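Summary of structural features
So you can see what is in the structure, the chains are spelled out below.
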Amino acid sequence: MEAKKKERTGIQRAGMFFDRYAAWIAVAALMSFMVAGTVFATTSADTLWATVTDLIKTRVTRLGAVVMFVGGVMFGLGWKSDDAEQKSRGISTIIAGAIVMAVAGLTSTFFA
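Right, let's walk through the structure included here.

Some thoughts on the overall build of the protein chain
When you go through the protein chain residue by residue, the secondary structure sums to 6 helices and 0 strands. Reading the helices (α) and strands (β) of the protein chain from amino to carboxyl end gives α-α-α-α-α-α. Buried positions account for 9% of the 112 residues belonging to the protein chain. Considering only contacts within the protein chain whose residues lie at least 6 apart along the sequence, 52% involve residues at least 24 apart. As displayed, the protein chain offers around 9,000 Å² of accessible surface, 71% of which is attributable to carbon and sulfur atoms.

In structure tokens, the structure reads:
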């Protein structure tokens, strides 16, 4: 038995520790998350909500711009190869990007 204990590596000992005390570790983690949530809940919720809304607006607007750019490239390549279907897809993609950007512009209306 003594020989087996000496053969264990540090990782094995750490694994045995976590196996033995998994419930206590889970309780400690849960309590720390609860305390952190309480601490952060005391900050201004309106400020946090405004930050999240601005972040959504910025990212979705950029996403719409990228979609419009891709649509423009598709339209240009369709024009080059004189492919009516590719031109149509390019215009549809440009319009889809514009719609996404318009919805992003209305974020403050939706999340006010």
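Moving on, there is more to tell.
Notes on unusual backbone geometry
A positive phi angle is found at Asp82, which is not glycine, with a value near 55 degrees. Examined against the element boundaries, Asp82 turns out to sit in the loop between α4 (45-81) and α5 (84-105).

Overview of the pattern of salt bridges
Tallied over the full model, the rule gives 2 salt bridges. Close ionic contact of Lys87 with Asp82 constitutes a salt bridge, the shortest N to O distance being 3.4 Å. By relative accessible area, which is 18% here, Lys87 ends up buried.

Description of the packing of aromatic side chains
Counting across every chain of the model gives 1 aromatic pair. Each ring, one from Phe75 and one from Trp79, has its centre 5.9 Å from the other, and the planes form 45 degrees; the classification is tilted. Placement of both Phe75 and Trp79 in helix α4 is noted, with a separation of 4 residues, approximately one turn of the helix. What makes Trp79 exposed here is its relative accessible area of 57%. Positioned above the aromatic ring of Trp79 is the side chain of Lys87, whose terminal nitrogen or guanidinium carbon lies 4.1 Å from the ring centre.

What about a nonpolar patch on the surface?
A contiguous nonpolar patch, built from Leu48, Trp49, Val52, Ile56, Ile91, Ile95, Ile99, Val103, Leu106, Phe110 and Phe111 and spanning about 1,000 Å² of accessible area, is present on the exposed surface. Broken down by secondary-structure element, the contributors of at least two residues to the nonpolar patch are α4 and α5. Tracing the chain through its elements places Leu48 in helix α4. Exposure remark for Leu48: the relative accessible area of 55% places this residue in the exposed category.

Quick look at α5
If you check α5, its first and last C-alpha atoms are 32 Å apart, about what 22 residues at 1.5 Å a residue would give, namely 32 Å. Within α5 the residues assigned to the buried category are Lys87, Gly90, Thr93, Gly97 and Ala104. Seen along its axis, α5 keeps its buried residues to an arc of 125 degrees; they face one direction. Those residues of α5 that are exposed and angled more than 90 degrees off the buried face are Ala84 and Ile99.

Parameters and conventions
Within each chain, residue numbers correspond to sequence positions counted from 1 in written order. Local features in this predicted model are restricted to residues of pLDDT 70 or higher, and side-chain atom pairs are both shown and tallied only at a pLDDT of 80 or more, whereas totals for entire chains, interfaces and linings draw on every residue. Values reported for side chains reflect all heavy atoms of the structure, with hydrogen atoms and water molecules removed beforehand. Numbering of helices and strands runs from the N terminus; a helix is a DSSP stretch of H or I covering at least four residues, while a strand is a stretch of E covering at least two. Here's how the labels work: a residue is buried when its accessible area is under 20% of the maximum for its type, exposed when over 50%, partly exposed in between, all with a 1.4 Å probe on protein chains only. The contact rule is simple, with two residues in contact once any of their heavy atoms fall within 4.5 Å. Calculation of accessible area relied on Shrake-Rupley with a 1.4 Å probe; when residues are assessed, cover is drawn exclusively from the protein chains displayed. A side-chain nitrogen of Lys or Arg and a carboxyl oxygen of Asp or Glu constitute a salt bridge if their distance falls within 4 Å. Stacked, edge-to-face and tilted are the three classes for Phe, Tyr and Trp ring pairs, Trp counted by its six-membered ring, which pair at centre distances within 6.5 Å; planes under 30 degrees apart are stacked, over 60 edge-to-face, the rest tilted. The rule is short: NZ of Lys or CZ of Arg within 6 Å of the ring centre and within 35 degrees of the ring normal puts a charge over the ring. Exposure above 30% relative accessible area and the absence of a salt bridge qualify a residue for a patch, where like charges join within 9 Å and nonpolar side chains (Val, Leu, Ile, Met, Phe, Trp, Tyr) within 5 Å. Residue count minus one, scaled by 1.5 Å, sets the expected span of a helix. Regarding the arc, it is the one traced by the directions from the helix axis to the C-beta atoms.

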